[in-house]
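So you can see what is in the structure, the chains are spelled out below.
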Amino acid sequence: MRRNLFAVPAALVATALLVAGCGGSSETPAATDSGPATGTVNFAGTDNAETYQPVIKAFEAKNPGITVNYTQIPFDQFNATMQQRLSAKDTGIDVYTVDEPRVSQLAAKGFLVDLSELDAKVKSSFSAAAYKTNHFRDKLWSLPMWNSTQYLFYNKTALAKAKVTPPTADPQQRWTWEQVEAAGRKAMQSGGTKYGLFMEQPEAYYQLQPLAESLGGGSGIEGDDALTPAVETDGWKKAMQWYGNTYASGLSPRGIGGFQTGPVFANGGVAFFVGGPWDLKIFGSSKVDWGVAPLPYFQGGKPVSPTGSWSLGLNPASKQLGMARKFLEFATLDPAGNLATTSATTIIPANLDARKQYTPKMDSFSGAKTVGAAAITTYESEHTAVSRPVSVGYIQFEEVMGKAFADIRNGSNPDARLQEATRQLTEAWKSIK
């Protein structure tokens, strides 16, 4: 679930193919031929079939005569597969999951149906961040399905051994990264843990964006066309210098990534761990006595937390858009339907009414360990959430920055590596401009 929540970029060559000709059809019209009233809706996504069975079952019960057929495409093949099928106007896909930062490129290529007539309803049903990120050129192209945030998980036993009072779940009293670093080093020195701090997604823009944003560094993309790199601001440089040092100093472990990050915390190997809502249940089976606190910020900076996840969009080539749209609206705009998309997971529903029903349950996901998660989730969504940037060049941006983060983590000079990322992005975006 951790990996599936956010689409993983394909190789740079594949992303170049996707953006080639992005100046093409961003004026895809809303479909006028709704197709048959009954039949089968073909739905494609990256998660396993069990994730969507509750919402499919609920939809079919409410809409006799319509069947939803779900196809799972492995996440590491999803973007390339969808690019090929949508380019070929494949009618075998009606509804598909859309990673929100990719909305712009998909819309620019003509791969999404214009849903702007739902704009007012979407604006009142979702957060401002979710509403904005599903737009491109003032039109609505997809509807939010899930949302996310990040927490600071902490090892109570390790902090007690180091004689450190753990952080509180109160967002108004959140710790700074400087406090986390100092406490993590004490936990290491006392023998409570091998490492002091670890990020679950150590090379992912989604999780590292808040570091630069907290220091006023911006998203890393600027300009009227959102195609100008801006990763050499003071905020970005300071954030990446700090981040690189967490590895150089041994506070964080090198050589561990992917699915190996969570077990480091679950096995008691790290004092502080930055992870998402999915971990609230995953860590429930751990023997470690742990708790959750709000995501830290830098001293003198501002609290910032990541947000966003998957949305749902319609394939313009579909021959049964009427049924497909019914399913899309049920799974997003209908609170009951949106809740059903999360009943087999621990992902936050995007619909505000659904979220109000869902978040109180988060405090009991893993007993007393998760107390405070609900309040943190609600506060972050309303006050500190910052979306990934909306840009037709986001796919290449994520690819380039992921490699930069990996190099910085492994010892590259942060300033020089950010300068190289600027060069790579400037060159990559020439074809789009």
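Only a predicted model underlies this, so the values are computations on that prediction, with no experimental measurement involved.

### Regarding the side chain of S148
Move 1: In this structure, S148 sits in the loop between β7 (146-147) and β8 (151-155).
Move 2: The class for S148 is buried, based on a relative accessible area of 4%.
Move 3: Separated by 2.8 Å, the side chains of S148 and Y206 make a polar contact.
Move 4: At 2.6 Å, the side chain of S148 forms a polar contact with the backbone oxygen of G308.

### Digging into the domain arrangement of the protein chain
Move 1: Once the domains are mapped, the protein chain shows domain 1 (39-148 + 308-350) and domain 2 (151-307 + 387-430).
Move 2: Put simply, the middle of domain 1 and the middle of domain 2, counted by C-alpha atoms, are 29 Å apart.
Move 3: At the junction of the two partners, domain 1 supplies 18 residues and domain 2 supplies 17 residues.
Move 4: When domain 1 packs against domain 2, the two sides together hide about 1,500 Å² of surface, and 56% of this comes from carbon and sulfur.
Move 5: Of all residues in domain 1, P101, Q105 and T346 bury the most surface against domain 2, accounting for 37% of the area lost on that side.
Move 6: Connecting domain 1 to domain 2 are 2 salt bridges.
Move 7: Among the ionic pairs, R388 bridges to D99, the shortest N-O distance being 3.8 Å.
Move 8: Counting every contact that joins domain 1 to domain 2 gives 3 residue pairs in polar contact (both at pLDDT 80 or more).
Move 9: Among the elements of the structure, α4 (103-108), α6 (128-133) and β4 (135-136) are those that each provide at least two residues to the side of domain 1 that touches domain 2.

### What to know about empty space enclosed by the protein
Move 1: Tallying each qualifying case throughout the model produces 2 cavities of 30 Å³ or more.
Move 2: Estimated volume of the largest cavity: approximately 120 Å³.
Move 3: Around the largest cavity, the lining is made up of 14 residues, and of these F78, N79, M82, R102 and L106 lie nearest the centre.
Move 4: Secondary-structure elements contributing two or more residues to the lining of the largest cavity are α3 (75-87) and β3 (95-99).
Move 5: Broken down by element, the residue count for the lining of the largest cavity peaks at 5 residues, all from α3.
Move 6: Considered class by class, the residues forming the lining of the largest cavity number 9 nonpolar, 3 polar and 2 charged.
Move 7: In this model, the second largest cavity occupies a volume close to 60 Å³.

Thresholds, definitions, all that
Residues numbered from 1 in each chain as written. Predicted model: local features only at pLDDT ≥ 70, side-chain atom pairs only at ≥ 80, totals over all residues. Heavy atoms only, no water. Helix = DSSP H or I, 4+ residues; strand = E, 2+ residues; numbered from the N terminus. Buried < 20%, exposed > 50% of the residue type's maximum accessible area, 1.4 Å probe, protein only. Polar contact = N/O pair within 3.5 Å; in protein donor to acceptor, adjacent residues only side chain to side chain. Domains from an automatic or database assignment. Contact = heavy atoms within 4.5 Å. Buried area = accessible area lost by both parts, 1.4 Å probe. Salt bridge = Lys/Arg side-chain N within 4 Å of Asp/Glu carboxyl O. 1 Å grid on protein atoms, 1.4 Å probe; cavity = no way out; pocket = protein on both sides within 12 Å on 5 of 7 lines; lining within 4 Å. Points joined across faces, edges and corners; volume = space filled by probe spheres on them. Nonpolar A, V, L, I, M, F, W, Y, C, P; charged D, E, K, R; others polar.

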